[in-house]
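# Residue-level structure breakdown
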Amino acid sequence: MRRLARVVAVAAAWLALSQSADAARYVGVEGFYSSDADGTQIAKTGLDLDYSHTDSEHYFGLSLEKARFEPFGQSWVENDRAYFRFADSDASWKWNGRIGSDGHTVLGSADIFKDVAHRQEYFIEREIVETPVGLEKGIYSTFVGTAYDMPINDRNSLATVVGVQDFTGRNVRLQYRENFVHVLVPDWGISVQLRLRAFHDSVPHEYDYFSPRWYAEAIPSVQLRRFVSGWRYAIAAGYGQQRTDVTGWRAARRLEASVTGPKDGHVWSFQTAFTYTNTPINSGLTYDYKQLTLTLGRSF
């Protein structure tokens, strides 16, 4: 903890000296909570401090986070993190990231993307595995991947994600995701989607996270997305099938809902999202997972 505190102090001083006095500032709070059928709870609270903040795609600052884990209903485990956070762009590319540490290893995420019709993105994410063994032994995963969006015509498009997820130990996971979208009612933002996902683990069941030899799911979904006075409202629901190498086909369910405030020309920013899924994360096969996130910020 002392080492992490020194890193935060040095980073804060450097950021303060490196920014001009007339640069816009930003303060934001972030909240994350999840729970599942195994009795695992995760709660994260964060404070974002930007020394330079133009908008949601151009900023530079610090993020301080307290993460609390209660795996399988056991005792709470606390973890303090500190990150550099940044976002910028040039004529062709946009990039952002949140890179830091929990005092033991590098954590965070970063991505760079070309925001055009044929969108392409390259990303990396690193986080602790939030299971009893993962927290006790310090099991981490690093996910490196790429995503491509391919418009077919005005109403149809494909989005593909491929990547490699490397876990502490010997397991390496190959991941593939595909999302086919057909817009039914453009004026209402109503679309139907077919979400496909599959992965393959090189060393299955190495620890207590969900790691069969292979996993596959297909979830047809319906989505409604509306813009009202600059606010974006979205909800998507899907029901399909999932299976592994040792189980037959079982029901796969997913529900997502989000509200995002206006982005441009507003002092305040707001976003909240809820997700429900029954895709396993831990070693059990009967699973329900709920996640809620909230971000509120103000520039000045």
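Preceding this section is the structure that the text describes.
Now for a quick tour of the structure. (Residues numbered from 1 in each chain as written. Predicted model: local features only at pLDDT ≥ 70, side-chain atom pairs only at ≥ 80, totals over all residues. Heavy atoms only, no water.)

## Here we look at the overall build of the protein chain
- Helix and strand counts for the protein chain stand at 2 helices and 16 strands.
- Expressed as a percentage of its 300 residues, the buried residues of the protein chain come to 37%.
- Here the contacts in the protein chain between residues at least 6 apart in sequence split such that 46% fall between residues at least 24 apart.
- Taken as a whole, the protein chain presents about 16000 Å² of accessible surface, with 60% of it coming from carbon and sulfur. (Helix = DSSP H or I, 4+ residues; strand = E, 2+ residues; numbered from the N terminus. Buried < 20%, exposed > 50% of the residue type's maximum accessible area, 1.4 Å probe, protein only. Contact = heavy atoms within 4.5 Å. Areas by Shrake-Rupley, 256 points an atom, 1.4 Å probe, with all protein chains shown as cover.)

## Quick look at the packing of aromatic side chains
- Evaluated as defined, the whole model comprises 8 aromatic pairs.
- Consider the rings of Tyr122 and Tyr148, whose centres lie 6.3 Å apart with planes at 90°: the pair is edge-to-face. Of this pair, Tyr122 sits in strand 7 (residues 120–128) while Tyr148 sits in strand 8 (residues 140–151); the two residues are 26 residues apart in sequence, bridging distant segments of the chain.
- A relative accessible area of 37% means that Tyr148 is categorised as partly exposed.
- Where Phe199 meets Tyr215, the ring centres are 5.3 Å apart and the plane angle is 25°; that geometry is what we call stacked. (Phe/Tyr/Trp six-rings, centres within 6.5 Å; stacked < 30°, edge-to-face > 60°.)

## Focus on the side chain of Asn79
- Here Asn79 is to be found in strand 4 (residues 77–89).
- Apart from residues lying up to four places away in sequence, Asn79 is in contact with Glu65, Lys66, Ala67, Phe69 and Asp102.

## Re the pattern of salt bridges
- Enumeration according to the criterion identifies 19 salt bridges in this entry.
- The salt bridge involving Arg195 is made with Glu256; its shortest N-O contact spans 3.2 Å. Of this pair, Arg195 sits in strand 11 (residues 190–201) while Glu256 sits in strand 14 (residues 250–260), placing them 61 residues apart in sequence.
- Several salt bridges share partner residues, and in doing so they unite Lys44, Glu65, Arg81, Arg98, Glu127 and Glu130 into one network. (Salt bridge = Lys/Arg side-chain N within 4 Å of Asp/Glu carboxyl O.)

## Some points on the environment of Tyr140
- Take Tyr140: it is sitting in strand 8.
- Residue classification places Tyr140 among the buried residues on the basis of a relative accessible area of 8%.
- If we skip the residues at most four places from it in the chain, Tyr140 touches Asp102, His104, Thr105, Leu107, Arg126, Glu127, Ile128, Val129, Asp166, Phe167 and Thr168.
- There is a polar contact of 2.9 Å between the side chain of Tyr140 and the side chain of Asp102. (Polar contact = N/O pair within 3.5 Å; in protein donor to acceptor, adjacent residues only side chain to side chain.)

## Focus on the pairing of strand 15 (residues 268–277)
- Pairing between strand 14 and strand 15: 7 bridges, direction antiparallel. By the bridge assignment for strand 15, Leu255 is matched with Tyr276.
- Bridging between strand 15 and strand 16 (residues 289–299) involves 10 bridges; their strand directions are antiparallel. Note that in strand 16 the partner of Tyr276 across the bridge is Lys290. (Pairing = 2+ DSSP bridges.)

## Re unusual backbone geometry
- Residue His205 is not a glycine yet carries a positive backbone phi of 60°.
- Here His205 lies in the loop between strand 11 and strand 12 (214–228).
- Since its relative accessible area comes to 52%, His205 is described here as exposed.
- Notably, Ser229 is not glycine yet its phi reads approximately 55°, a positive angle.
- If you trace the backbone, Ser229 turns up in the loop between strand 12 and strand 13 (231–244).

So far we have only geometry, and geometry alone does not tell us how the molecule works.
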